[in-house]
Amino acid sequence: MKGGSKRPNMEKSHQLHFLEYRTLFFIFLLLLMFTGITVGVSYIDLGRLNVWVSLLIASIKGSLVLLFFMHMKYEGRTLILSFLGTIFFLFIMISFTFWDVSFR
Amino acid sequence: MHSQPDESGKKLGMWLFLYTEIILFGGLFVLYAVYFSTYAHDFKEAGKELNRLLGLLNTVILLFSSFAVAAAVTAIQKKEKKTALAGLAAAILCGLIFLVNKYFEWGHKIEGGIYPNSEKLVSGPHGQNMFFGLYYVITGLHGIHIIIGMTLLIVSLIFVQRGKITFERFALLENSGLYWHLVDLIWIFIFPLFYLII
């Protein structure tokens, strides 16, 4: 029975894992709520803090999309580490650029 | 020789591509950040020209479309073909509405003399020229991504309809979904940076 139709390893590598409609809709509602907050905050003048607050809220929203809609919360080590690696290189790009610009 | 399709490999490949997209838009956001720190005042003045309501509407549309695609991926795994088709159709429709809104938004700007290399921008404050330059490049590139994403979703829709995407083999649907979510993710950052700065 070599090479039969049932391959437990294959099944495991592409595991059937999905989020219920309810969970997805709840995430959608959370995203709407944070959108409301970011619009609201933009009317309050916090000086330079405004940019940081809106970036923080955008990051929270982005994380929700990434973790649940894009399923990253349930992925294996390969995807999680490679994603973090990308963010790390993005961070290097941003910080080195500002390092350069602010000491010119 | 019959070989088993490597579903998780397909997904990893898609993610590797998405990483390059993240760096692409990341680079543009760095550009935005550097000019914002130099021309904060001009950016704030220019940001007032953008229609917040239209930006907000497009944000809600994209968030909903992302939800619809995520629901479609769930539906195919639950063998609920009709729900999957409905989710995909809803997302495609949302993408279309997004583009129509964008068309009116850009049209209105261009009528008002705000477009790359226009008389008004070239002779106006330098920072505002930079702001609208970045606005057109970033939202334009994002718009192209919407069109590509919609194409992928349409292909997925047809394949689900024809039974080529099933609960056993849905990598194409999953990867199209990932692409669409990334487009949504980028918009989540575009919206506050361009429409909401004060």
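As the structure is a prediction and not an experimental result, all values here were calculated from the model.

Caption draft 1: Focus on the overall build of chain B. Within chain B, the secondary structure is distributed over 7 helices and 0 strands. Taken along the three principal axes of its C-alpha coordinates, chain B extends 65 × 30 × 25 Å. Going through the 198 residues of chain B one by one, you find that 39% of them count as buried. Put simply, of all contacts in chain B between residues at least 6 apart along the chain, 77% involve residues at least 24 apart.

Caption draft 2: Examining the nonpolar core more closely. Judged by nonpolar contacts, the single largest core of 69 residues is most densely connected at B:V69, B:A72, B:I76, B:L88, B:A91, B:I186 and B:I190. Elements with a minimum of two residues in this core: α2 (21-42) and α3 (49-69) of chain A together with α1 (7-38), α2 (40-47), α3 (52-77), α4 (81-111), α6 (126-161) and α7 (171-195) of chain B. The element contributing the most residues to this core is α7(B), with 16 residues. Excluding residues that lie within four positions of it along the chain, B:V69 makes contacts with B:G87, B:L88, B:A91, B:G177, B:W180 and B:H181.

Caption draft 3: Structural context of α7(B). Under the 1.5 Å per step criterion, the end-to-end length of α7(B) is 35 Å for 25 residues, consistent within 8% with the ideal 36 Å. Most of α7(B) is tucked away: 22 of the 25 residues are buried.

Caption draft 4: Spotlight on the confidence of the model for chain A. Residues and elements named next belong to chain A. With 86% of its residues at a pLDDT of at least 70, chain A reaches an overall mean of 87. Element-level mean pLDDT values for chain A span from 44 in helix α1 (residues 8-13) up to 96 in α2. This stretch, residues 1-13, has a pLDDT under 50; its non-local contacts, to residues over four places away or in other chains, come to 3 contacts.

Caption draft 5: Region of the structure containing the domain arrangement of chain A. Entries for chain A in the domain assignment read domain 1 (19-70) and domain 2 (74-104). Its C-alpha centre places domain 1 of chain A at a distance of 21 Å from the equivalent point of domain 2 of chain A.

Caption draft 6: Up close: the confidence of the model for chain B. Across chain B, the average pLDDT comes to 94, with 98% of residues at or above 70. For this predicted complex, the interface confidence score (ipTM) comes to 0.93, while the overall pTM stands at 0.92.

Caption draft 7: Structural view of the interface of chain A and chain B. Taken together, the contact pairs 36 residues of chain A with 33 residues of chain B. Elements represented by at least two residues in the side of chain A that touches chain B include exactly α1, α2, α3 and α4 (77-102) of chain A. Residues that form the side of chain A that touches chain B fall into these classes: 21 nonpolar, 12 polar and 3 charged.

Caption draft 8: Spatial organisation of the packing of α1(B) against α6(B). Residues and elements named next belong to chain B. Look at α1 against α6: their axes get within 11 Å of each other, and the N-to-C directions meet at 165°. By the criterion of interaxial angle, the relationship of α1 to α6 is roughly antiparallel. Handedness of the crossing formed by α1 with α6: left-handed. Within the contact between the two elements, α1 uses L28, L31, Y32 and Y35 and α6 uses M130, L134, V137 and I138. In terms of residue class, the contact of α1 with α6 is built from 8 nonpolar, no polar and no charged.

Caption draft 9: Seen up close, the packing of α3(B) against α4(B). Residues and elements named next belong to chain B. Viewed as axis vectors pointing N to C, α3 and α4 meet at an angle of 160°, and their least axial separation amounts to 8 Å. By the angle class used here, α3 and α4 are roughly antiparallel. Read as a crossing pair, α3 and α4 show a hand that is left-handed. Taken together, the residues of the contact of α3 with α4 sort by class into 18 nonpolar, 6 polar and 1 charged.

Caption draft 10: Quick peek at unusual backbone geometry. Residues and elements named next belong to chain A. One non-glycine residue, H71, adopts positive backbone phi at about 70°. Examined against the element boundaries, H71 turns out to sit in the loop between α3 and α4. Taking the number of C-beta atoms within 10 Å as the measure of exposure, H71 has 20 and is therefore buried.

Caption draft 11: Summary view of the environment of B:I114. All names here are of chain B. Residue placement: I114 occurs in the loop between α4 and α5 (119-123). Spatially, the C-alpha atom of I114 lies 41 Å from that of K11, the residues being 103 residues apart in sequence. When sequence neighbours within four positions are dropped, the list of residues in contact with I114 reads E49, K109, K120, L121 and F132.

Analysis parameters
Residues numbered from 1 in each chain as written. Chains lettered and ligands numbered in written order. Predicted model: local features only at pLDDT ≥ 70, side-chain atom pairs only at ≥ 80, totals over all residues. Helix = DSSP H or I, 4+ residues; strand = E, 2+ residues; numbered from the N terminus. Buried ≥ 20, exposed ≤ 12 C-beta atoms within 10 Å, placed from the backbone. Contact = placed C-beta atoms within 7 Å. Core = buried A, V, L, I, M, F, W, Y, C linked by C-beta atoms within 7 Å. Expected span 1.5 Å × (residues − 1). pLDDT = per-residue confidence, 0-100. Domains from an automatic or database assignment. Nonpolar A, V, L, I, M, F, W, Y, C, P; charged D, E, K, R; others polar. Axes fitted to C-alpha atoms, helices over the stretch in contact; angles between N-to-C directions. Parallel < 35°, antiparallel > 145°, perpendicular 65-115°, else oblique. Left-handed = near helix turned anticlockwise from the far one by under 90°.

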